[in-house]
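# Tertiary structure, described
Residue strings, one per chain:
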Amino acid sequence: ETDYRLVQSPEERKQLLELLQKSDAYCFDTETTSLDALTAELVGVAFSTKPGTGYFLYFPEDLTKEQVAEILHEFDPIFHDEQKEKIGQNLKYDLLVLHQYGIEIKSPFFDTMIAHYVKDPGSKHGMDAMSEELLNYTPVSITTLIGKKGKNQKTIREVELEPLVQYACEDADITLKLRDVLAPEVKEDKIFNDIEQPLMPVLTALESEGVKVDEQFLVDYSEELKGRLVTLEKEIYEVAGQEFNINSPKQLGEILFDKMELGKGKKQKKTKTGQYVTDEKTLTGLAKTHELPDRILAFRGIKKLKSTYVDALPKLINPHTGRVHTTFRQTVAVTGRLSSDDPNLQNIPIRTHDGREVRKAF
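In this report, the structure presented in the accompanying data block is examined. Here the structure is a predicted model, which means the values were calculated and not measured. (Residues numbered from 1 in each chain as written. Predicted model: local features only at pLDDT ≥ 70, side-chain atom pairs only at ≥ 80, totals over all residues. Heavy atoms only, no water.)

### What to know about the pattern of salt bridges
Our working rule: Salt bridges, as used here, are contacts in which a Lys or Arg side-chain nitrogen is within 4 Å of a carboxyl oxygen on Asp or Glu. Each helix is a run of DSSP H or I of at least 4 residues and each strand a run of E of at least 2, with the numbering of both proceeding from the N terminus. Accessible area is worked out with a 1.4 Å probe on protein chains only. A residue is then buried under 20% of its type maximum, exposed over 50%, and partly exposed in between.
The full count for this structure, using the stated rule, is 18 salt bridges. Between Lys14 and Glu18 there is a salt bridge, and its shortest N-O distance comes to 3.7 Å. You can see Lys14 and its partner Glu18 sitting in helix 1 (residues 10-22), four residues apart, about one turn around the helix. You can call Lys14 partly exposed: its relative accessible area is 48%. Using a relative accessible area of 37% as the deciding quantity, one classes Glu18 as partly exposed. In this structure, Asp173 and Lys177 form a salt bridge, with 3.6 Å as the shortest nitrogen-oxygen distance. With Asp173 and Lys177 both in helix 8 (residues 161-186) and four residues apart, this pair spans about one turn of that helix. Note on Asp173: relative accessible area 1%, which makes it buried.

### Considerations on the packing of aromatic side chains
What characterises a pair of aromatic rings is the spacing of the ring centres plus the angle enclosed by the ring planes. Our working definition: Centres within 6.5 Å are what make two rings of Phe, Tyr or Trp a pair, Trp counting through its six-membered ring; a difference in plane orientation under 30 degrees is then read as stacked, over 60 as edge-to-face, and the rest as tilted.
Applying the stated criterion across every chain yields a total of eight aromatic pairs. Note on Phe110 and Phe192: the rings are 5.3 Å apart at their centroids and 55 degrees apart in plane angle, and the pair reads as tilted. A residue pair is termed long-range when its members are at least 10 positions apart, and Phe110 in strand 6 (residues 109-111) and Phe192 in helix 9 (residues 190-209) qualify at 82 residues. Residue Phe110 is classed as buried on the basis of its relative accessible area, which comes to 5%. We classify Phe192 as buried; its relative accessible area is 2%. Measuring from centroid to centroid gives 6.0 Å for Tyr237 and Phe244, while their planes differ by 70 degrees, and the two rings are edge-to-face. This pair shows no difference in class: Tyr237 is buried, exactly as Phe244 is. Here the aromatic residues Tyr26, Phe28, Phe47 and Phe75 are joined through ring pairs into a cluster of three or more.

### Some remarks on the packing of helix 5 (residues 112-119) against helix 6 (residues 127-135)
Stated formally: Axis lines are fitted through C-alpha atoms, for helices just across the contact stretch, and the angle between N-to-C directions can take any value from 0 to 180 degrees. Any angle from 65 to 115 degrees is called roughly perpendicular, while one under 35 is roughly parallel, one over 145 is roughly antiparallel, and all others are oblique. Here is the rule for handedness: rotate from the far helix to the near one, and if that takes an anticlockwise turn smaller than a right angle the crossing is left-handed, while a clockwise turn gives right-handed. Any pair of residues with heavy atoms lying within 4.5 Å of one another is described as a contacting pair.
For the pair helix 5 and helix 6, the least separation of the axes is 11 Å and the interaxial angle reads 60 degrees. Considered as vectors, helix 5 and helix 6 are oriented oblique to each other. Judged by the twist between their axes, the crossing of helix 5 over helix 6 is left-handed. Of the residues in helix 6, those in contact with Thr112, Met113, His116 and Lys119 of helix 5 are Met130, Glu133 and Leu134.

See below:
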């Protein structure tokens, strides 16, 4: 049995605030229009204070951002209360969303995703997977509300209010139940309490701040790399004695091994489809005896750098801040290190001159 309720009127909001003020801990979960916390529009916030209950504070589409912020500020007494534990699943996202509305939430926090990661780094840490594993319950999937990925997928704004209330409240309710299961297991865990948990709000601040990127530098550098690719392409055709698609492993293999007979006398590796293997290891070996593989490697390196970083980074600059806002993921690498997404700031090359040039843009 569940008791999930919609909260909209000033009177309903007042009652919810009073309920939250009486509780030592509460779970909250934001419902938004996007996975990008810095551009997402807030549709509502679900709260739960005890298992089986949920309250969905809903913001209709006709409210301005300022009006939504004004309503949220009514809940500052519980957001700022440092005696109350704030529970959530992937809290960093919720904190970032609310930060866009001028809402600051003070610790202590309990992030169920981080707790589960510390306990079992190798498994899945999504709420649905954790619910099935720890509660033996399958929650309502977001795809039942908005459909599968593709052009026909709805936005959360297009979902009817009643199913949305049920879905949002269930998220908060399930997360609260997960906290009750996980809390005893991480109570004495130093990694959870002294490292991962205190790090979460720090990463939230880092992501919100972002990194300034010199867009014009990258645009100019892209043109320079384009010119070098054209030059390399001509040199490759000259050495090969004919034009071919450099990006086609099949055509490249035929040029290297059939026409030019490189590595003659050695058995060349082939793929399942019967074409020659032309990966980096193979080309590096061949480059010791011929200049063509060396030019191909240089061409590939510049092309990858150009598409992956030089051309991609300007597209990721937030139009409002002029900065790049990566997402630092705490619960991905089994080893415990952070990973970084959109863009991945951890694997920008440094060993090559060109890689070091890209870093100048930051």
